Amino acid sequence: QVQLVESGGGLVQAGGSLRLSCAASGRTFSSYTMGWFRQAPGKEREFVAGITWSGGSTYYADSVKGRFTISRDNAKNTVYLQMNSLKPEDMAVYYCAATRVPYRATMISDFVSWGQGTQVTVSS
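Residues numbered from 1 in each chain as written. Predicted model: local features only at pLDDT ≥ 70, side-chain atom pairs only at ≥ 80, totals over all residues. Heavy atoms only, no water.

### Some points on the nonpolar core
Definition in use: What we call a nonpolar core is a set of buried Ala, Val, Leu, Ile, Met, Phe, Trp, Tyr and Cys residues that are connected through their side-chain atoms within 4.5 Å. Categorising residues by exposure relies on relative accessible area from a 1.4 Å probe, with only protein chains included: less than 20% of the type maximum marks a residue as buried, more than 50% marks it as exposed, and the intermediate range marks it as partly exposed. Numbering of helices and strands runs from the N terminus, with a helix taken as a DSSP run of H or I at least four residues long and a strand as a DSSP run of E at least two residues long. Two residues qualify as a contact provided that any one of their heavy atoms is within 4.5 Å of a heavy atom in the partner residue.
Among the nonpolar cores identified, the biggest contains 36 residues, and Met34, Trp36, Leu81, Met83 and Tyr94 are the most heavily contacted of them. Those elements giving two or more residues to this core turn out to be β3 (18-24), β4 (33-39), β5 (46-51), β6 (58-60), β7 (68-73), β8 (78-83), β9 (92-99) and β11 (118-123). Considering every element that reaches this core, the biggest residue donor is β9, with 5 residues. Leaving out residues up to four positions away in the same chain, methionine 83 has contacts with Gly16, Ser17, Leu18, Leu20, Arg67, Phe68, Tyr94 and Val120.

So, in structure tokens, the structure goes:
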């Protein structure tokens, strides 16, 4: 399994942008589909975005479609989440996760490796 470390969280005003990064250890990163999830206080963890192992397919939750972009650089063992037009409801701890299931995974149970999370705070 890969080990994952997120970074890039912080405080931003509504309408602003942040770019999250997730660095993976291990030589098999390129074989994993990667996902971003988030968890707001008092709420369940929810799927945000996913990208297949080659980067050829990306998919998003409806709530972030058109505002967030997931990408990956397999040479750098890193996956990114570019977040634009941030809203107060985007405020949460953001987690990256890895899976080898052969489909566009969105369920928490699909993912086998998780990072520790990075806080995103959006002020209104």
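### Structural notes on the pattern of salt bridges
Keep this limit in mind: A carboxyl oxygen of Asp or Glu within 4 Å of a side-chain nitrogen of Lys or Arg is what we treat as a salt bridge.
Scanning the entire structure with this criterion turns up 4 salt bridges. Put simply, arginine 67 and aspartate 90 hold a salt bridge, and the shortest N to O gap is 2.7 Å. One end of the pair, arginine 67, is in the loop between β6 and β7; the other, aspartate 90, is in the loop between β8 and β9, with 23 residues separating them in the sequence. Residue arginine 67 is classed as buried on the basis of its relative accessible area of 11%. For aspartate 90, a relative accessible area of 0% puts it in the buried group. Connected through shared salt-bridge partners, Arg38, Glu46, Arg67 and Asp90 make up one network.

### Considering the side chain of asparagine 77
To be explicit about the condition: Under the rule applied, a polar contact is a pair of N or O atoms within 3.5 Å (in protein, one hydrogen donor and one hydrogen acceptor; residues adjacent in sequence only if both atoms are side-chain atoms).
Position of asparagine 77 among the secondary structure elements: in the loop between β7 and β8. Separated by 2.8 Å, the side chain of asparagine 77 and the backbone oxygen of glycine 26 make a polar contact. Apart from the residues within four sequence positions on either side, asparagine 77 is in contact with Cys22, Ala23, Ala24, Ser25, Gly26 and Phe29.

### What to know about unusual backbone geometry
Peptide bonds are mostly trans, and most non-glycine residues show a negative phi. Its identity is not glycine, yet asparagine 77 carries a phi of approximately 55°, on the positive side. The class for asparagine 77 is buried, based on a relative accessible area of 19%. At serine 85, a position not held by glycine, the phi torsion is positive, near 50°. Within the secondary structure, serine 85 sits in the loop between β8 and β9. The exposure class assigned to serine 85 is partly exposed, which follows from its relative accessible area of 40%.

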